[in-house]
Amino acid sequence: MLNRLTISQLTTSLAKREASAVEALRSCLDRIRQVDSRVHAFLSVDEHDVSRQAEQADRLLQSGKSHEEMPLLGVPIAIKDVISVLGQPVTCGSRILGNYRSPYDATVIERLRAAGAIVFGRTNLDEFAMGSSTENSAFGPTYNPWDLSRTPGGSSGGSAAAVASDSCIAALGSDTGGSIRQPAALVGCVGFKPSYGLVSRRGLVAFASSLDQIGPLTKDVRDTALMMNVISGWDPRDSTSIPKATPDYRTCLGGDVRGLRLGIPKEYAIGGLEPEVDRAVKAALKHLESLGAEIVDISLPHTEYSVATYYIIATAEASANLARFDGVRYGLRVEGNDPLELYARTRGAGFGAEVKRRIILGTYVLSSGYYDAYYLRAQKVRTLIRQDFLKAFEKVDAIVTPTTPGPAFKIGEKIDDPLQMYLSDIFTISCNLAGICGVSIPCGFTVDPKLPIGLQFLGKPFGEETVLRVAHAFEQTTAWHKEKPPL
Amino acid sequence: MASSDFDIKYVAHLARVALTPEEEARLGQQLGGILGYVNKLREADVTGVEPTAHAFPMVNVTRQDEIRPSLTNEEALGNAPARLNGLFVVPKIVE
């Protein structure tokens, strides 16, 4: 049952020699054999490679290495299959990468290795992280561990389902418009999106470069702090990485929230919010008040434009970033009589429907005659959205919202209506546009069927400590995060 | 900012994506709907507002001009769909 442990529980166990890294790994592999044919969180696990890593971790533990020196020593961490790991595939959930294998480790992977982690299996995702349900994977959807007829959200649905089904100890995901927080909410785990520039993206296959961030999905808030200690910090090889010292995030755990001012945006009281989500979030606010936090009404007046702004900026950047998949240097190639034909045929055959939709939309909003009306205007509205947050943060320490308007939806329910799918990201998208940080933690369940509900805290730029402090205080005085899906 | 003049064939060509006739019909219709929705941005007053390209723009990010280890020719070509003499092979561009 080592697979069920959190990072802090497992490392305690490893340090006391009650368990070995090989045993922890075996327990995760057994769990995958037991449940993953139903959940499909993983695209691949290189058993030989992970066994070698576990044996190495045990040797280091035996030689007296401590978790102070190597905080993740012996801990299996699953990796969203959009992050490069030396010698391993990175499919991005797409056919277009063919048999591609990464010739280098992403910076976050180098950091996980330096911390002693077992860089574990590759998790499923919406193709190129474009989607909110993991249904856009070329390799089939991931299923929600709480109800296998439902999606786990997305795009980091594989990472979220792997954590929720105890098939790993923790995972890495990426978040461009909610792709860590939304699936975390829908499977009932913790999902953290760091401030833009805090975690290096070198080795992350780019979707929308001004929005993408790597972050952890974990079983509790303490584990998020432990993961952030390892992965955050300046990387001179990522020119958007912020040269800034990072704190020990453990110091914000167990902190007091008395007197902390938490903002409730009035614009987030939208019609589409499901009653059970509304009730759970209201109860959570009451609970936060009982802990001594002060609830303050705030306004984010440009909220109604956030989804439209996002889908112009993200698709424009995607159309440029995905130009590199042209059949010349790696991946799939469909031959043509000239380069143009080769590109178009390769991309036509290699990309799935959602990726084509977004590349074409992004190409259009950047095209001559439409650039000012769409892309430039969206960038200006982005300024207004960002200013809304900065203004709000003059009054409050953090903002509280539901993570999603409803619980996990059915497989197939929204797949043919892209606009409905996009609108399910309404509460998570602005965070990326503003470049701020955010976390989703469990705050309740619907009754029938029993599905997790997520509570989101949004923090100031580089306000990770406050967000983790309030999330931890909430978690430690509730029991929602301890519930396990009936797999 | 009308979306009625959205020409799926032309934009797909610009994007270098070959579409089947069925894809053209479906994507064209879906994108028409999405463009209708994003036209909402016309309502926003952006007079005098500067565009945001990055939340925390950093300028002149440079490094020392020094040679550092990088991929070898073999590693760089390791994933190539077609290669010859240490190069990528592509269809002929000039006669």
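Here, every reference points to the structure presented above.
Residues numbered from 1 in each chain as written. Chains lettered and ligands numbered in written order. Predicted model: local features only at pLDDT ≥ 70, side-chain atom pairs only at ≥ 80, totals over all residues. Heavy atoms only, no water.

Colleague: So what's going on with the packing of aromatic side chains? Residues and values would help.
Modeller: Residues and elements named next belong to chain A. Evaluation of the coordinates by the stated rule reveals 17 aromatic pairs over all chains. Ring centres 5.9 Å apart and planes at 70 degrees place the aromatic pair Phe128 and Phe351 in the edge-to-face group. Taken as a pair, Phe128 in the loop between β3 (118-123) and α5 (157-164) and Phe351 in the loop between α10 (339-350) and α11 (353-366) lie far apart in primary sequence, 223 residues in all. Taking the centre distance of 6.5 Å and the plane angle of 35 degrees together, the rings of Tyr370 and Tyr374 count as tilted. The class for Tyr374 is buried, based on a relative accessible area of 0%. Put simply, the rings of Tyr100, Phe128, Phe325, Tyr330 and Phe351 pair up and form one aromatic cluster. Sitting over the face of the ring of Phe409, Lys414 holds its NZ or CZ atom 4.4 Å from the ring centroid. The cationic tip of Lys450 hangs over the ring face of Phe445; the distance from NZ or CZ to the ring centre is 4.8 Å. (Phe/Tyr/Trp six-rings, centres within 6.5 Å; stacked < 30°, edge-to-face > 60°. Helix = DSSP H or I, 4+ residues; strand = E, 2+ residues; numbered from the N terminus. Buried < 20%, exposed > 50% of the residue type's maximum accessible area, 1.4 Å probe, protein only. Lys NZ or Arg CZ within 6 Å of the ring centre and 35° of its normal.)

Colleague: Let's hear about the pattern of salt bridges: which residues, and what values?
Modeller: Residues and elements named next belong to chain A. Tallied over the entire structure, the rule returns 30 salt bridges over all chains. Two residues, Asp30 and Arg33, come together in a salt bridge whose shortest N-O distance is 3.4 Å. With a gap of three residues between them, Asp30 and Arg33 both fall in helix α2 (residues 21-39), about one helical turn apart. We classify Asp30 as partly exposed; its relative accessible area is 40%. (Salt bridge = Lys/Arg side-chain N within 4 Å of Asp/Glu carboxyl O.)

Colleague: So what about the sheet that holds strand β11 (residues 452-459) of chain A? Which residues, and what values?
Modeller: Residues and elements named next belong to chain A. An order of β1-β3-β2-β4-β6-β5-β10-β11-β9-β7-β8 is seen for the eleven strands of this open sheet, with the pairing classed as mixed. Each having just a single partner strand, β1 (42-44) and β8 (294-298) make up the two edges of the open sheet. Going from strand to strand, the sheet's axes swing by 35 degrees on average, the running direction of each strand aside. Bridging between strand β5 (residues 190-193) and strand β6 (residues 213-218) involves two bridges; their strand directions are antiparallel. Opposite Val190, over in β6, you have Thr218 as the bridge partner. Here helix α7 (residues 221-231) sits on the sheet in contact with β2 (76-80), β4 (170-175), β5, β6 and β10 (437-445), set at roughly 145 degrees to β6. The sheet strands contacting helix α8 (residues 275-290) are β7 (261-265), β8, β9 (398-402), β10 and β11, and the helix crosses β11 at an angle near 50 degrees. (Pairing = 2+ DSSP bridges. Axes fitted to C-alpha atoms, helices over the stretch in contact; angles between N-to-C directions. Contact = heavy atoms within 4.5 Å.)

Colleague: Tell me about the layout of surface pockets, and name the residues and values.
Modeller: There is about 560 Å³ of room inside the largest pocket. The residue inventory of the lining of the largest pocket, partitioned by class, reads twelve nonpolar, five polar and six charged. (1 Å grid on protein atoms, 1.4 Å probe; cavity = no way out; pocket = protein on both sides within 12 Å on 5 of 7 lines; lining within 4 Å. Points joined across faces, edges and corners; volume = space filled by probe spheres on them. Nonpolar A, V, L, I, M, F, W, Y, C, P; charged D, E, K, R; others polar.)

Colleague: Give a description of the side chain of Lys356 of chain A that names residues and reports values.
Modeller: Note on placement: Lys356 of chain A falls in helix α11. Not counting residues up to four positions away in its chain, the partners in contact with Lys356 of chain A are Arg347, Gly348 and Phe351 of chain A together with Val17, Leu19, Glu23 and Leu27 of chain B.

Colleague: Explain the pairing of β3 of chain A to me, using residue names and the numbers behind them.
Modeller: Residue and element names in this part refer to chain A. By the criterion of burial, β3 is predominantly enclosed, with six of the six residues buried. With two bridges joining them, β1 and β3 adopt antiparallel strand pairing. Its bridge partner being in β3, Ser44 is matched across the sheet by Arg122. Sheet topology note: the β2/β3 ladder contains four bridges and is parallel. Bridged to Pro76 within β3 is Ile118. You can see the chain leave β2, run along helix α4 (residues 107-114) and come back into β3, and the turn it takes is right-handed. (Right-handed = clockwise from strand over helix to strand, strands pointing away.)

Colleague: Mind laying out the environment of Gln53 of chain A, listing which residues take part and the relevant values?
Modeller: Residues and elements named next belong to chain A. Relative to the helices and strands, Gln53 resides in helix α3 (residues 47-62). In this structure Gln53 comes out as buried when scored by relative accessible area, which is 14%. A sequence separation of 89 residues divides Gln53 from Thr142, and the C-alpha atoms of the two residues are 27 Å apart. Residues within four places of Gln53 in sequence aside, it is in contact with Arg113, Ala117, Ile118 and Val119.

Colleague: How would you sum up the side chain of Ser165 of chain A? Please name residues and give values.
Modeller: All names here are of chain A. Among the secondary structure elements, Ser165 is positioned in the loop between α5 and β4. From its side chain, Ser165 meets the backbone oxygen of Ala162 in a polar contact 3.5 Å long. Among the polar contacts made by the side chain of Ser165, one reaches the side chain of Ser167 at a distance of 3.0 Å. Excluding its chain neighbours within four sequence positions, the residues that come into contact with Ser165 are Arg31, Val35, Pro145 and Leu487. (Polar contact = N/O pair within 3.5 Å; in protein donor to acceptor, adjacent residues only side chain to side chain.)

Colleague: Outline the nonpolar core, supporting the account with residue identities and numerical values.
Modeller: Counting residues in hydrophobic clusters, the biggest one holds 181 residues, and the most contacted among them are Ile83, Leu112, Phe120, Phe128, Ile360, Phe389 and Phe457 of chain A. Top contributing element to this core by residue count: helix α12 (residues 372-395) of chain A, with ten residues. If we skip the residues at most four places from it in the chain, Ile360 of chain A touches Phe6, Ile8, Val11, Ala12, Ala15, Leu19, Leu27 and Leu31 of chain B. (Core = buried A, V, L, I, M, F, W, Y, C linked by side-chain atoms within 4.5 Å.)

Colleague: Tell me what's going on with helix α15 (residues 464-476) of chain A, and back it up with residues and numbers.
Modeller: Residues and elements named next belong to chain A. The end-to-end C-alpha distance of α15, which contains 13 residues, comes to 18 Å, matching closely the 18 Å that a straight helix rising 1.5 Å per residue would cover. For α15, the set of buried residues is Glu464, Val467, Leu468, Val470, Ala471, His472, Ala473, Phe474 and Glu475. Packing partners of the buried residues in α15 comprise β5, α7, β7, α8, β10 and β11. (Expected span 1.5 Å × (residues − 1).)

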